[in-house]
Amino acid sequence: MYSTRRLIEAVPKIGHKMHVVDHLKCNIEIEKKNLKIYYNGHYLENVDAIIPPTGASVTFYGTAVLSQFEMMNIFSALESQALVRSRDKLRSLQLLECT
């Protein structure tokens, strides 16, 4: 995808590291006060922020992964509830009318 490729090119130029993670290959682990995400044979650790995908390919499970990151207090450029609302066109119109 073009937008992902552009991010991969741009991020190192400003001194940051980036890893692309396929949300469909993430395993969510929920334990009392110990939330984790398992991906490609290891736990995702030392994550400062995420830029979640917003395209039509984002599924209910993708939203759950995003929510897990939020509950782990990791900054996200998009909140899971905003993503859910954007998928519901009628609700989006209702919210826009109320503002």
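Moving on, we get to the overall build of the protein. Looking only at helices and strands, the protein has four helices and five strands in total. Structurally, the protein occupies a C-alpha span of about 45 × 40 × 20 Å along its principal axes. Within the span of the protein, comprising 99 residues, buried residues form 21% of the whole. Within the protein, residue pairs in contact and separated by at least 24 positions form 52% of the contacts whose partners lie at least 6 positions apart. Summed over its atoms, the accessible surface of the protein is roughly 7800 Å², and 57% of this surface lies on carbon and sulfur atoms. Of note, the protein has its 12 positive side-chain charges centred 3 Å away from the centre of its 10 negative side-chain charges.

The subject of this paragraph is the packing of helix α2 (residues 60–71) against helix α3 (residues 80–87). Remark: α2 packs on α3, axes separated minimally by 9 Å, with the N-to-C direction vectors making an angle of 155°. Considering the angle they form, α2 stands roughly antiparallel to α3. Contact residues: Thr-63, Leu-66, Ser-67 and Glu-70 in α2; Ser-80, Leu-83 and Val-84 in α3. Class assignment of the residues belonging to the contact of α2 with α3 gives a composition of three nonpolar, three polar and one charged.

Side chains Ile-37 and Tyr-39 project from strand β2 (residues 36–39) onto a buried face, and the interleaved Lys-36 and Tyr-38 project onto a face without burial. As judged from the three bridges shared by strand β1 (residues 27–29) and β2, these two strands associate in the antiparallel manner. Within the sheet, the bridge partner assigned to Glu-29 lies in β2 and is Lys-36. Two successive antiparallel strands, β1 and β2, enclose a turn made up of six residues, where Lys-33 displays a positive phi of approximately 60°. Across two bridges, the pairing between β2 and strand β3 (residues 42–43) is antiparallel. Bridge pairing in β3 places Tyr-38 opposite Tyr-43. Between β2 and the antiparallel strand that follows it, β3, lie two residues; Asn-40 among them carries a positive phi value of about 50°.

The next subject is the packing of aromatic side chains. Applying the stated criterion across every chain, the model contains one aromatic pair. Relative to Tyr-43, the ring of Tyr-38 has its centre 5.0 Å away and its plane inclined at 70°; by these criteria the two rings are edge-to-face. Accessibility expressed as a relative area gives 29% for Tyr-38, which makes it partly exposed. We note Lys-36 situated over the ring of Tyr-43; from NZ or CZ to the ring centre the distance is 4.7 Å.

This part takes up the packing of α3 against helix α4 (residues 89–98). A pair of packed helices is characterised by two quantities: the angle between their axes and the separation of those axes. Running from amino to carboxyl end, α3 crosses α4 at an angle of 110°, the nearest separation of the two axes being 5 Å. Overall, the two elements α3 and α4 adopt an arrangement that is roughly perpendicular. Across from Arg-85, Ser-86 and Arg-87 in α3, the residues of α4 making contact are Lys-89, Ser-92 and Leu-95. Across the contact of α3 with α4, the residue classes break down as one nonpolar, two polar and three charged.

What counts as what
Residues numbered from 1 in each chain as written. Predicted model: local features only at pLDDT ≥ 70, side-chain atom pairs only at ≥ 80, totals over all residues. Heavy atoms only, no water. Helix = DSSP H or I, 4+ residues; strand = E, 2+ residues; numbered from the N terminus. Buried < 20%, exposed > 50% of the residue type's maximum accessible area, 1.4 Å probe, protein only. Contact = heavy atoms within 4.5 Å. Areas by Shrake-Rupley, 256 points an atom, 1.4 Å probe, with all protein chains shown as cover. Lys, Arg positive; Asp, Glu negative; His and termini not counted. Charge placed at Lys NZ, Arg CZ, Asp CG, Glu CD. Axes fitted to C-alpha atoms, helices over the stretch in contact; angles between N-to-C directions. Parallel < 35°, antiparallel > 145°, perpendicular 65-115°, else oblique. Nonpolar A, V, L, I, M, F, W, Y, C, P; charged D, E, K, R; others polar. Pairing = 2+ DSSP bridges. Phe/Tyr/Trp six-rings, centres within 6.5 Å; stacked < 30°, edge-to-face > 60°. Lys NZ or Arg CZ within 6 Å of the ring centre and 35° of its normal.

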